Amino acid sequence: MTNSTAKNDHQVLVLGAGYAGLLAALSLAPHARVTLVDPSEHFTERVRQHELAAGRPAITHPLRSFLGTTGVEHIAARATAIDLHARVVTTDNGRSLPYDRLVYALGSRTADTADTGGERAFTAETADALRKRLRDRPGRLAIVGGGLTGIEMAAELAEAYPDWDVRLLSREVGAGLSAKGRAHVRTTLTALGVSLAEGERVTSADDVDADAVLWSASMVPNTELAARSGLALHPSNGRVEVDAFLRSASHPEVYVAGDAAAASAPGAGPLRMACATALPTGTQAAAALRASLDGTEPRPFRFGYQLQCVSLGRRNGLVQTVHSDDTPRELILRGRVAAFTKEQIVRYTVRLIRQAAR
Ligand SMILES: Cc1cc2nc3c(=O)[nH]c(=O)nc-3n(C[C@H](O)[C@H](O)[C@H](O)COP(=O)(O)OP(=O)(O)OC[C@H]3O[C@@H](n4cnc5c(N)ncnc54)[C@H](O)[C@@H]3O)c2cc1C
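Our subject in this report is the structure included herewith. Predicted model only: the values in this text are computed from it and were never measured.

About the cut-offs
- Residues numbered from 1 in each chain as written.
- Predicted model: local features only at pLDDT ≥ 70, side-chain atom pairs only at ≥ 80, totals over all residues.
- Heavy atoms only, no water.
- Helix = DSSP H or I, 4+ residues; strand = E, 2+ residues; numbered from the N terminus.
- Rg over C-alpha atoms; globule rule 2.2 N^0.38 Å.
- Buried < 20%, exposed > 50% of the residue type's maximum accessible area, 1.4 Å probe, protein only.
- Disulfide = S-S within 2.5 Å.
- Pairing = 2+ DSSP bridges.
- Axes fitted to C-alpha atoms, helices over the stretch in contact; angles between N-to-C directions.
- Contact = heavy atoms within 4.5 Å.
- Salt bridge = Lys/Arg side-chain N within 4 Å of Asp/Glu carboxyl O.
- Near = heavy atom within 4 Å.
- Polar contact = N/O pair within 3.5 Å; in protein donor to acceptor, adjacent residues only side chain to side chain.
- Areas by Shrake-Rupley, 256 points an atom, 1.4 Å probe, with all protein chains shown as cover.
- Nonpolar A, V, L, I, M, F, W, Y, C, P; charged D, E, K, R; others polar.
- Domains from an automatic or database assignment.
- Phe/Tyr/Trp six-rings, centres within 6.5 Å; stacked < 30°, edge-to-face > 60°.
- Lys NZ or Arg CZ within 6 Å of the ring centre and 35° of its normal.

**A short note on the overall build of the protein**
Of the regular secondary structure elements, the protein holds ten helices and 24 strands. At 21 Å, the protein has a C-alpha radius of gyration in line with the 21 Å of a compact globule built from 358 residues. Dimensions of the protein along its principal axes, counting C-alpha atoms only, are 70 × 45 × 40 Å. Each of the 358 residues in the protein was classed as buried or not, and the buried ones make up 50%.

Structure (structure tokens):
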């Protein structure tokens, strides 16, 4: 049997067609039979959810435009169970999908808001509904969370909906930025009419006095399926525990990429949930998995942060240079040049995935 025949006999199952899963599936396509499981027929540019809320028409691309003739089979379904012993994934449309190797890349979501406010509370995942509400009639919008997502949301929405009274509630706006970076964010948000309420600790959307509340306080990994199935999770962050090759610490035939993985790298430390980390972990998981099929030694994961790019509406932004461990350096870019840089990086992510398809 030739090497390539042996490789193509292996069945790889990839769960999740986000940045990490889609890139991993496409990278593996020439080397194995690859099946990609995701309920959507589209890839969503999740880093543009704030633009969707602000009125951008579409932030999705048909999955078939990436998969084309690569041979990757897409199953439009949600994975509901993993039998790690039998190596079979079950889906909500009744399929049982056997695998030799599994890539777990189910991403993350906004943490629960204790949303008894019903129609008043929104998250990045409900950006479409938020857009409809914001277009309906003006009022007071409170955004909870002063991290990068909350900042991008506040700037974008204040710019797009000047009739709304936008307030950003947080303990501190842009805590991970340099002093100059934070100052630029504050000045820009204020100029856009956002009022900043710092030193606030809000635990539920129900406690916020506003007509609409956008909860942007924290992200949680989609690892309930992993936990139910018996994959070991990191005790403090709930992401799947992995080794230096992004293999599950408890089940090395399972590779984990993107926000679901508790990945770390020498010099960078534990990785934060980000598109900036999902793409390299997707590439690494695919490379290590391929090495395991070839019977070669995989290389350990290497990664270092370089930039944090924040859009502040369509005409302004911040590029914060950082050390390899993501702590801020002094150098920043601001204004239109930063907005342009951010847009190019966001476009590049899709280009990178398309390149993998080729
Ligand atoms: C408004 C906003 C702005 C952001 N801006 C930035 C930024 O500027 N820079 C940056 O680095 N990061 C940014 N992020 C974070 C970034 O979007 C995420 O970290 C990134 O999308 C994670 O990629 P992923 O592939 O791990 O998961 P995701 O992109 O979340 O994809 C997960 C996929 O899994 C699928 N899925 C879920 N459950 C199942 C199931 N049971 N079965 C099958 N499929 C399933 C989903 O449908 C989805 O397609 C931003 C996030 C938001 C919300």
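**Looking at the state of the cysteines**
In a disulfide, the sulfur atoms of two cysteines are held together by a covalent bond. Overall, the coordinates contain zero disulfides when judged by the stated rule. Between Cys275, a free cysteine, and Cys309, which holds the nearest cysteine sulfur, the sulfur-to-sulfur gap is 11 Å. Given the relative accessible area of 16%, Cys275 is considered buried.

**A few points about the sheet that holds strand 2 (residues 33-37)**
Neighbouring strands of a sheet are bound in pairs by backbone hydrogen bonds; such pairs are parallel or else antiparallel. The sheet built from five strands is open, its strands ordered 5-2-1-9-18 with parallel pairing. Two strands lie at the open edges of the sheet, namely strand 5 (73-75) and strand 18 (254-256), each paired on one side alone. Each strand of the sheet is rotated relative to its neighbour by a mean of 20°, with strand direction disregarded. With four bridges joining them, strand 1 (residues 11-15) and strand 9 (residues 101-104) adopt parallel strand pairing. Bridging across to strand 9, Val14 finds its partner in Val103. This element, helix 2 (residues 19-28), spans strand 1, strand 2 and strand 9 of the sheet and lies at about 165° to strand 2. Sheet strands touched by helix 9 (residues 275-294): strand 1, strand 9 and strand 18. Its angle to strand 18, the strand with the most contacts, is close to 160°.

**What to know about the pattern of salt bridges**
Enumeration over the complete set of coordinates arrives at 23 salt bridges. Between Glu343 and Arg314 there is a salt bridge whose closest N-O contact spans 3.9 Å. In this pair, Glu343 is assigned in helix 10 (residues 335-357) and Arg314 in the loop between strand 22 (307-311) and strand 23 (317-322), connecting sequence segments 29 residues apart. Here the salt bridges share partners, and the residues they tie into one network are Glu45, Arg48, Glu51, Arg56, Glu156, Arg314, Glu343 and Arg347.

**Some thoughts on the site of the ligand**
In the neighbourhood of the ligand, 31 residues make up the surrounding shell, with Asp38, Arg46, Asp259, Cys275 and Lys342 lying closest. Note that an oxygen atom of the ligand is positioned 3.1 Å from one of the backbone N or O atoms of Ala274. Take Cys275: an N or O atom from its main chain is 2.9 Å from an oxygen atom of the ligand. For the ligand, whose free accessible area comes to 1000 Å², the fraction covered by protein is 86%. Every element with two or more residues in the shell around the ligand is listed here: helix 2, helix 3 (49-54), helix 6 (148-160) and helix 9. If one sorts the elements of the shell around the ligand by residue count, helix 9 sits on top with three residues. Each residue belonging to the shell around the ligand can be placed in one class, and the counts come to 17 nonpolar, eight polar and six charged. Inspection of the shell around the ligand shows a minimum of three residues originating in each of domain 1 (3-109 + 219-302) and domain 2 (118-217 + 305-349).

**As for the side chain of Thr188**
In this fold, Thr188 is placed in helix 7 (residues 179-191). The class for Thr188 is buried, based on a relative accessible area of 8%. Of the polar contacts made by the side chain of Thr188, one reaches the backbone oxygen of His184; its length is 2.7 Å. Residues contacting Thr188, with those up to four places away along its chain left out, are Leu312 and Asn316.

**Examining the packing of aromatic side chains**
The description of two aromatic rings rests on the distance between their centres and on the angle between their planes. For the structure shown, the criterion picks out four aromatic pairs. Ring geometry for Phe43 and Phe66: centres 5.6 Å apart, planes at 75°, overall edge-to-face. Linking Phe43 in strand 3 (residues 42-44) with Phe66 in helix 4 (residues 64-67), this pair joins segments that are 23 residues apart in sequence. Judged by relative accessible area, which is 2%, Phe66 ranks as buried. Relative to Tyr305, the ring of Phe303 has its centre 4.9 Å away and its plane inclined at 85°; by these criteria the two rings are edge-to-face. For Phe303, a relative accessible area of 15% gives the class buried. Above the face of the Phe66 ring, Arg354 is positioned so that its terminal group lies 4.1 Å from the ring centre.

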